[in-house]
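This is what each chain is made of:
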Amino acid sequence: MGLEDHLKPIGLTFFVLSIAELLSLGFLLQNTNNSTLYSIVLPFGPLWIVQLGVLIISILVLQKWVVGYLLK
């Protein structure tokens, strides 16, 4: 019926948050001897930047939903 449309942003937020958590598992590979792999997962490296960007996106979507829900 479409009555659950207000819950779609919450589902999207938790899905994007789970992707951010999966990306944060790159720290497990920081003790590798492979220099190419280490250059990807190094602290403050590309994988960390992508993970932080995805986390910020999920926070912004959740914030938009909360403010919209409170003002409704």
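Above this text sits the structure in question.
Residues numbered from 1 in each chain as written. Predicted model: local features only at pLDDT ≥ 70, side-chain atom pairs only at ≥ 80, totals over all residues. Heavy atoms only, no water.

Caption draft 1: A nonpolar patch on the surface, seen in detail. Together, Phe44, Trp48, Ile49, Leu52, Ile56 and Leu60 make up an exposed nonpolar region whose accessible area comes to about 600 Å². By the element assignment, Leu60 lies in helix α3 (residues 46-71). With relative accessibility at 48%, the residue Leu60 sits in the partly exposed group. (Patch = residues over 30% accessible without salt bridge, like charges linked within 9 Å, V, L, I, M, F, W, Y side chains within 5 Å. Areas by Shrake-Rupley, 256 points an atom, 1.4 Å probe, with all protein chains shown as cover. Salt bridge = Lys/Arg side-chain N within 4 Å of Asp/Glu carboxyl O. Helix = DSSP H or I, 4+ residues; strand = E, 2+ residues; numbered from the N terminus. Buried < 20%, exposed > 50% of the residue type's maximum accessible area, 1.4 Å probe, protein only.)

Caption draft 2: The arrangement of α3 in detail. Here α3 spans 38 Å end to end across 26 residues, near enough to the 38 Å set by a 1.5 Å rise per residue. Within the span of α3, buried status applies to Gln51, Val54 and Ser58. Residues of α3 that are buried in the fold lie against α1 (8-23). (Expected span 1.5 Å × (residues − 1). Contact = heavy atoms within 4.5 Å.)

Caption draft 3: Representation of α1 in the model. Over its 16 residues, α1 extends 23 Å from the first C-alpha to the last, a length consistent with the 22 Å expected when each residue adds 1.5 Å. When we look at burial in α1, the residues that qualify are Ile10, Thr13, Val16 and Ala20. The arc that holds the buried residues of α1, viewed along the axis, is 130°, so those residues lie on one side. Seen from the open side of α1, the exposed residues pointing more than 90 degrees away from its buried face are Lys8, Phe14, Phe15 and Leu22. Contacts from the buried residues of α1 go to α3. (Arc of directions from axis to C-beta.)

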